Amino acid sequence: MSPALVRLADRPELLEEAAGWFHDKWGVPAGAYRTSMRACLAGRGAVPQWYLALDGGRIVGGMGVIENDFHVRKDLTPNVCAVYIEPDMRGRGLVRELLNLVCADMRGRGIRTLYLVTDHTSLYERLGWRFLCLVREEGSSRLTRLYVHQE
């Protein structure tokens, strides 16, 4: 059985668990996730949004959509962020399913172009994303890859 894909907006009771889960994966303070997730639940705009994959109640994957994912190109917005699939769930197409959900949900909110920063060099191309450019991370000289998805 495939994990259930959910929008945090439809499962607000998962906010605390989700904030902790994303913090554990990325090291960004749980409070920053909480703030963004509360804004998602307030429903004042299309962004931010958060999405989860649940397997028997366990969070096994997730991602969000925020204005900017810590890079200097503020004009390239909104950004898919915090993409993570638990190691034991990888290779099953879960990231594709979550990205399809995100793109469909954003399209329904009037957003047809999404951006994503990553160090992966082939995964997102296989999923229909196009490499756009290298971008500098905020507060760093480090460059990372930026992808675009347009519908």
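In this report, the structure presented in the accompanying data block is examined. Remember, predicted model here, so these are calculated numbers, not experimental data.

Check the secondary structure of the protein chain and you find four helices and seven strands. Overall, the protein chain shows an N-to-C arrangement of helices and strands of β-α-α-β-β-β-α-β-α-β-β. In terms of C-alpha radius of gyration, the protein chain reaches 15 Å, essentially the compact-globule figure of 15 Å for 151 residues. Taken along its principal axes, the extent of the C-alpha atoms in the protein chain is 40 × 30 × 30 Å. When burial is assessed residue by residue, the protein chain has 46% of its 151 residues classed as buried.

What follows is about the nonpolar core. If you look at soluble globular proteins, the nonpolar side chains tend to sit buried side by side. One finds Val80, Leu114 and Trp129 to be the most contacted residues of the largest nonpolar core, which totals 24 residues. Breaking this core down by element, the ones donating at least two residues are β2 (49-55), β3 (58-66), β4 (79-85), α3 (94-108) and β5 (113-118). The element that contributes the greatest number of residues to this core is α3, accounting for seven residues. Non-local contacts of valine 80, meaning those with residues more than four positions away in its chain, are made with Met63, Gly64, Val65, Asp69, Leu99, Val102, Leu114, Tyr115, Leu116 and Trp129. Listed in part, the 19 residues of the second largest apolar core include Leu15, Ala19, Tyr33 and Tyr84.

Take the environment of leucine 116 next. Topologically, leucine 116 is positioned in strand β5. Residue classification places leucine 116 among the buried positions, given a relative accessible area of 1%. Distance in space between the C-alpha atoms of leucine 116 and leucine 76 is 9.3 Å, their sequence separation being 40 residues. Residues within four places of leucine 116 in sequence aside, it is in contact with Val80, Val83, Tyr124, Trp129, Arg145, Leu146 and Tyr147.

Let's shift gears to the sheet that holds β5. Spatially, seven strands are ordered β1-β2-β3-β4-β5-β7-β6 in an open sheet, and the strand pairing comes out mixed. Both outer strands of the open sheet, β1 (4-7) and β6 (130-136), are each paired with one neighbouring strand and no more. In this sheet, adjacent strand axes meet at a mean angle of 25° when their direction is disregarded. Sheet topology places β4 next to β5; two bridges connect them, and they run parallel. Residue pairing for β5: valine 80 is matched across the bridge by leucine 116. Running over the sheet, helix α2 (residues 30-42) touches β2, β3 and β4 and is turned about 100° from β2.

Where helix α1 (residues 15-26) meets α2, the closest approach of the two axes is 8 Å, and the angle between their N-to-C directions is 135°. In terms of axis orientation, α1 runs oblique to α2. Between α1 and α2 lies a crossing of right-handed hand. Along its contact with α1, which presents Leu15, Glu16, Ala18, Ala19, Phe22, His23 and Trp26, the element α2 presents Ala30, Tyr33, Arg34, Met37, Arg38 and Leu41. Of the residues assigned to the contact of α1 with α2, the class counts are nine nonpolar, one polar and three charged.

Now for the packing of aromatic side chains. Tallied over the full model, the rule gives eight aromatic pairs. Here the aromatic rings of tyrosine 33 and tryptophan 50 are separated by 5.6 Å at their centres, their planes lie at 80°, and the arrangement is edge-to-face. Of this pair, tyrosine 33 sits in helix α2 while tryptophan 50 sits in strand β2, and the two are 17 residues apart along the sequence. On the basis of relative accessible area, tryptophan 50 is assigned to the buried category, the value being 2%. Ring pairing ties together the aromatic residues Trp21, Phe22, Trp26, Tyr33, Trp50 and Tyr84, which thus form one cluster. Sitting above the plane of the phenylalanine 131 ring, arginine 145 keeps its charged end 4.2 Å from the centroid.

What counts as what
- Counting of residues starts from 1 at the beginning of each chain's written sequence and follows it residue by residue.
- Given that the model is predicted, a residue must reach a pLDDT of at least 70 before its local features are reported, and side-chain atom pairs must reach 80 or more before they are shown or counted; all residues, however, enter totals for whole chains, interfaces and linings.
- As a rule here, side-chain values cover all heavy atoms of the structure and leave hydrogens and water aside.
- Strands are runs of DSSP state E lasting at least 2 residues, helices are runs of H or I lasting at least 4, and numbering of each runs from the N terminus.
- With the radius of gyration taken over C-alpha atoms, the globule rule is written as 2.2 Å times the number of residues to the power 0.38.
- We call a residue buried when its accessible area falls under 20% of the maximum for its residue type, exposed when it is over 50%, and partly exposed in between, using a 1.4 Å probe and counting protein chains only.
- Throughout, nonpolar core names a set of buried Ala, Val, Leu, Ile, Met, Phe, Trp, Tyr and Cys residues whose side chains join them through atoms within 4.5 Å.
- Contacts were defined at the residue level, with two residues in contact if any of their heavy atoms lie within 4.5 Å.
- Pairing between strands is defined by DSSP: at least two bridges between the two strands are required.
- All axes are obtained by fitting lines to C-alpha atoms, using only the stretch in contact for helices, and the reported angles, taken between N-to-C directions, cover 0 to 180 degrees.
- Angles below 35 degrees are treated as roughly parallel, those above 145 as roughly antiparallel, those between 65 and 115 as roughly perpendicular, and all remaining angles as oblique.
- With the far helix as reference, a near helix turned anticlockwise by less than a right angle produces a left-handed crossing, and one turned clockwise produces a right-handed crossing.
- Note on residue classes: Ala, Val, Leu, Ile, Met, Phe, Trp, Tyr, Cys and Pro are nonpolar, Asp, Glu, Lys and Arg are charged, and everything else, Gly too, is polar.
- Classification of ring pairs rests on two measures: the distance between centres of Phe, Tyr or Trp rings, Trp counted by its six-membered ring, which must be within 6.5 Å, and the angle between planes, read as stacked under 30 degrees, edge-to-face over 60 and tilted in between.
- Comment: the charge-over-ring label is applied if NZ (Lys) or CZ (Arg) is within 6 Å of the ring centre and within 35 degrees of the ring normal.

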